[in-house]
Amino acid sequence: MKKMRIISLALVSAVLLLTFGCQKKEAAPAAEGAAYHIGIVTGTVSQSEDDLRGAEELIKRYGKVSDGGIIQHITYPDDFMSQQETTISQIVALADDPLMKAIIVNQGVPGTAEAFKRVKEKRSDIMCFAGEAHEDPLVIQASADLAVNADFISRGYTIVWAAKEMGANKFVHISFPRHMSYESLGLRRQIMEAACADLGLEFVFETAPDPTSDVGVAGAQQFILEKVPQWVEKYGKDTAFFCTNDAHTEPLLKQLAEFGGMFIEADLPSPLMGYPGAFGIDLTAEAGNFPAILEKVESVVVEKAGAGRFGTWAYSYGFTVSAGLGEYAKRILDGTAEKGSMADLYAALGEFTPGAKWNGSGYIDAGTGVRSKNHSLVYMDTYIMGEGYLPTTSLEVPEKYYNIRFNK
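About the criteria used
Residues numbered from 1 in each chain as written. Predicted model: local features only at pLDDT ≥ 70, side-chain atom pairs only at ≥ 80, totals over all residues. Heavy atoms only, no water. Helix = DSSP H or I, 4+ residues; strand = E, 2+ residues; numbered from the N terminus. Buried < 20%, exposed > 50% of the residue type's maximum accessible area, 1.4 Å probe, protein only. Lys, Arg positive; Asp, Glu negative; His and termini not counted. Salt bridge = Lys/Arg side-chain N within 4 Å of Asp/Glu carboxyl O. Contact = heavy atoms within 4.5 Å. Core = buried A, V, L, I, M, F, W, Y, C linked by side-chain atoms within 4.5 Å. Pairing = 2+ DSSP bridges. Axes fitted to C-alpha atoms, helices over the stretch in contact; angles between N-to-C directions. Parallel < 35°, antiparallel > 145°, perpendicular 65-115°, else oblique. Left-handed = near helix turned anticlockwise from the far one by under 90°. Nonpolar A, V, L, I, M, F, W, Y, C, P; charged D, E, K, R; others polar.

1. Observations concerning the side chain of Glu206
Then, number 1: Note on placement: Glu206 falls in strand β7 (residues 202-207).
Then, number 2: The buried charged residue Glu206 lacks any salt bridge partner; its closest oppositely charged side chain belongs to Lys234, at an N-O distance of 4.5 Å.
Then, number 3: Apart from residues lying up to four places away in sequence, Glu206 is in contact with Val172, His173, Ile174, Ser175, Trp231 and Tyr235.

Below you can see the structure in the form of structure tokens.
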């Protein structure tokens, strides 16, 4: 019997659309004598801009602590791998605030689990949520009240399926050893390779520099700029390219638009992920309005690169997880949501994606077959520029892909 793993959020989103529509919310006035504070930790603009913008949306709605509001936002270092203790210390320091009642880290970079452990030792009353956890599932599950990841199992299949639907005959996966050591990213790569074999695409793995290494973000991006023309010449224009790092995405898109090739969706998809910089799109007037953002991005991409070659999610995953986890925490603290309720979590995420279709599941450990109660995997339909949605959320992902074991 197939394990139940698909939890449709279309109904939730439809209700939210009727309730909220696409209307932008006015910023909430700063709370007078806030009853609690919520801390949110994100990367910087250079590493994960969408995550940071989601935190800013929370501040816009609920005010920042220094102004009497409830949101305290900090960023972890760009070079978080070599500065793990700094990252841990920053997260734990949030617990020094006696009004702090929830801490969200998005993305949950290495060190997040240890930070949550120390927070819990200091203040057991603080809820700890990890968005897009980088650490092994069993590690983050042990210290987080909730971990959320883009569904690395289902998307290992759906992204390759979408590439075939778009006419690709090869699939190039770009990454580096650190990312491939993470179960979420390494297992997805294994699933992608298996899906390519089953669907008739040639799978190719290409290595690129880690932006947290000595070359930094600039060096990693320069490598992509130089290599993509060579890769397109070698593998052909009917090749779909995928990279696991946000910093690699913009230069990859820029060169694919110029030299050919296809792009299904980013590791953490969003119409803001790489597209504005790669295509020179000014979205100042559309800021915060994702339907308008998608419309403008799509028009420019189709004009410059043609229809049916580039894809995304209609809403930003990173933005939604930052804002959605903050909203979920607030609703729990306000008594309008239940901690541990996936329906309430999905409703909080759907607050920022009206009309979108989501699927999701609880993480199932391939070794034990046990479904986690505090680790949720989610994904949205793929949107192809110039053609519209592909029904990835309604696909029946073959059982075999859920039984692939991660090989480090």
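2. A closer look at the nonpolar core
Then, number 1: Grouped together as the largest cluster of nonpolar side chains are 70 residues, with contacts concentrated most on Phe129, Ile174, Leu252, Tyr275 and Phe310.
Then, number 2: With 8 residues, helix α13 (residues 317-334) is the largest single contributor of residues to this core.
Then, number 3: If near-sequence neighbours (up to four positions away) are discounted, Ile174 is found in contact with Glu206, Ala208, Ile224, Trp231, Phe241, Phe242, Cys243, Thr244 and Leu252.
Then, number 4: The next biggest cluster of nonpolar side chains, apart from the first, holds 32 residues, and it includes Ala162, Ala240, Met262 and Ile384.

3. Comments concerning the sheet that holds β7
Note: strands within a sheet are paired through backbone hydrogen bonds, in either parallel or antiparallel orientation.
Then, number 1: If you walk across this open sheet you meet the 4 strands as β7-β6-β8-β9, and the pairing is parallel. Unpaired on one side and paired on the other, β7 and β9 (262-263) mark the two borders of the sheet.
Then, number 2: Bridge count for strand β6 (residues 170-175) against β7 is 6 bridges, and the pairing is parallel. Bridge pairing in β7 links His173 to Phe205.
Then, number 3: Along the sheet face, helix α8 (residues 183-199) touches β6, β7 and β8 (239-243) and points at about 150° away from the line of β7.

4. So, the packing of α13 against helix α14 (residues 342-350)
Then, number 1: The geometry of α13 relative to α14 is characterised by a closest axis approach of 8 Å and an angle of 125° between their N-to-C directions. In this view, α13 runs oblique relative to α14, as classed from their interaxial angle. Seen from above, α13 lies across α14 with right-handed handedness. Between α13 and α14, the residues in contact are Thr320, Val321, Gly324, Leu325, Glu327, Tyr328 and Arg331 and Asp344, Leu345, Ala347, Ala348 and Leu349, respectively.
Then, number 2: Partitioned by chemical class, the residues of the contact of α13 with α14 number 7 nonpolar, 2 polar and 3 charged.

5. Points about the pairing of β6
On a regular strand, one side chain projects to one face of the sheet and the next to the other, so that they alternate.
Then, number 1: For β6, the tally of buried residues reaches 6 of 6 residues, placing the bulk of the element in the interior.
Then, number 2: Residues Lys170, Val172 and Ile174 of β6 are buried on one face, and the alternating residues Phe171, His173 and Ser175, pointing to the opposite face, are buried as well.
Then, number 3: Bridge count for β6 against β8 is 5 bridges, and the pairing is parallel. Across the sheet, the residue bridging to Lys170 is Thr239, located in β8.

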